[in-house]
Amino acid sequence: MFSDDTADLIEDMPANVVQRILSNLDEVSRRQINELLRYPHDSAGSVMTVEYVSLNPDMTVREALAHIRRVGEECETVYTCYVTRQKKLIGTVSAKSLLLALPEDLVSSITEPVAAQIETHADREEAARLLQRYGLEALPVVDKENCLVGIVTFDDAWDVMEDEATEDMEKMAAMLPSEHPYMRSTPIEIWKNRIPWLLLLMVSATLTGIVITKFEDSLAVLPCLTAFIPMLMDTG
């Protein structure tokens, strides 16, 4: 599994199980997963993967392709490669550009500017929006010094967009966002998610009752006005 998928898998596991899993991993994998788990849950760093293809601008195309063959099996995508110098992000190179270029050409000669990038602590929903806006397969994630630390792929962005859409639907249904599917939530969890909105609606209904009470005389003269109360409430 790639490091981001592993981090997602063990994030919700009991602490003792997580410790057993991490203790059986090699040092590199353990360091990568611990780094991902340290990022805030809603940040771009929490959904990025650290397995990407990094190329030096001074490489020839032949050397770049040989490098991709060596490391590509362990990377989440090889369609977009990232050109870096001492981990500083310079630009991107597509696999198509590498295949069409001459073997003696330098990577720097076919490097394209970075269309979009995002910082590790930025909102993960913003990363999904950038991927959608620019039609990218992957979005580079950099730290405050513009050093490339990972990428957010479109499949991770899709999961983020799905989670955000679910959260918005729950808010529209007068519920606080839940960590579990509705049909798998306990009655206590559902009650906790609904009670703030129910209290708010109770207060608003009380205010509505006060307004209606003040217009009792008008309603007594024209009882047909009561037929418009549901319409006005639904409009509000």
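As a further point, take the overall build of the protein chain. Along its length, the protein chain carries 10 helices and 6 strands. Here the C-alpha atoms of the protein chain give a radius of gyration of 27 Å, more than 25% beyond the 18 Å that 2.2 N^0.38 yields for 236 residues. Summarising its shape, the C-alpha atoms of the protein chain cover approximately 95 × 45 × 30 Å along the three principal directions. When contacts within the protein chain are restricted to residue pairs at least 6 apart in sequence, long-range pairs at least 24 apart make up 52% of them. About 15400 Å² of surface is accessible on the protein chain, with carbon and sulfur atoms providing 59% of the total. For the protein chain, the centre of its 20 positive side-chain charges and the centre of its 39 negative side-chain charges are spaced 4 Å apart.

So, on to the packing of helix α1 (residues 3-11) against helix α3 (residues 27-38). It is the contact of α1 with α3, at a shortest axis distance of 9 Å, that shows an interaxial angle of 60°. By crossing handedness, the relation of α1 to α3 is classed as right-handed. From α1, Ser3, Asp4, Thr6, Ala7, Ile10 and Glu11 reach across to α3, where they touch Gln32, Ile33, Leu36 and Leu37. Per-class residue counts for the contact of α1 with α3 are 5 nonpolar, 3 polar and 2 charged.

What follows concerns the nonpolar core. Within the largest apolar cluster, 23 residues are counted, with the highest numbers of intra-cluster contacts made by Met48, Ile118, Leu139, Val141 and Val152. Breaking this core down by element, the ones donating at least two residues are α1, α2 (15-23), α3, α6 (124-134), β5 (138-142), β6 (148-153) and α7 (154-172). For this core, the element with the highest residue contribution is α6, accounting for 4 residues. Not counting chain neighbours up to four residues away, the residues in contact with Met48 comprise Asp4, Leu36, Tyr39, Val141, Val149, Gly150, Ile151 and Val152.

Here the focus is the sheet that holds strand β4 (residues 118-119). Taken in spatial order, the 3 strands make up an open sheet running β4-β5-β6, and their pairing is mixed. Since the sheet does not close on itself, it has two edges, and those belong to β4 and β6, each with one partner. Where β5 and β6 come together, 5 bridges link them in antiparallel fashion. By the bridge assignment, Val141 is partnered in β6 with Gly150.

Moving on, we get to the environment of Thr120. As for its position among the elements, Thr120 is in the loop between β4 and α6. Each C-alpha atom of the pair Thr120 and Ala101 lies 33 Å from the other, and the pair is 19 residues apart in sequence. When sequence neighbours within four positions are dropped, the list of residues in contact with Thr120 reads Tyr39, Ser43, Ala44, Gly45, Val141, Val142, Asp143 and Val149. Within the structure, Thr120 has its side chain in polar contact with the side chain of His121 (distance 3.1 Å).

With respect to the helices and strands, the residue His67 is situated in helix α4 (residues 61-71). Overall, His67 belongs to the buried group, its relative accessible area being 16%. Dropping the residues within four chain positions of it, His67 is found in contact with Val53, Ser54, Leu55 and Met59.

What follows deals with the pattern of salt bridges. By the definition in use, this model includes 5 salt bridges. Here Arg124 and Asp42 are joined by a salt bridge, their closest N and O atoms 4.0 Å apart. Pair noted here: Arg124 is in helix α6 and Asp42 is in the loop between α3 and β1 (54-55), with a separation of 82 residues, a long-range link. With a closest N to O distance of 3.6 Å, Glu125 and Arg129 form a salt bridge. You can see Glu125 and its partner Arg129 sitting in helix α6, 4 residues apart, about one turn around the helix. Glu125 sits in the partly exposed class, given a relative accessible area of 26%. Within the structure, one salt-bridge network assembled from shared partners comprises Glu125, Glu126 and Arg129.

This paragraph deals with unusual backbone geometry. With a phi angle near 70°, Lys87 is a residue other than glycine that sits in the positive phi range. Locating Lys87 in the fold gives a position in the loop between β2 (80-85) and β3 (88-94). Not every positive phi belongs to a glycine, and Asn146 is a case in point at roughly 65°.

Quick notes on the rules
- Residues numbered from 1 in each chain as written.
- Predicted model: local features only at pLDDT ≥ 70, side-chain atom pairs only at ≥ 80, totals over all residues.
- Heavy atoms only, no water.
- Helix = DSSP H or I, 4+ residues; strand = E, 2+ residues; numbered from the N terminus.
- Rg over C-alpha atoms; globule rule 2.2 N^0.38 Å.
- Contact = heavy atoms within 4.5 Å.
- Areas by Shrake-Rupley, 256 points an atom, 1.4 Å probe, with all protein chains shown as cover.
- Lys, Arg positive; Asp, Glu negative; His and termini not counted.
- Charge placed at Lys NZ, Arg CZ, Asp CG, Glu CD.
- Axes fitted to C-alpha atoms, helices over the stretch in contact; angles between N-to-C directions.
- Left-handed = near helix turned anticlockwise from the far one by under 90°.
- Nonpolar A, V, L, I, M, F, W, Y, C, P; charged D, E, K, R; others polar.
- Core = buried A, V, L, I, M, F, W, Y, C linked by side-chain atoms within 4.5 Å.
- Buried < 20%, exposed > 50% of the residue type's maximum accessible area, 1.4 Å probe, protein only.
- Pairing = 2+ DSSP bridges.
- Polar contact = N/O pair within 3.5 Å; in protein donor to acceptor, adjacent residues only side chain to side chain.
- Salt bridge = Lys/Arg side-chain N within 4 Å of Asp/Glu carboxyl O.

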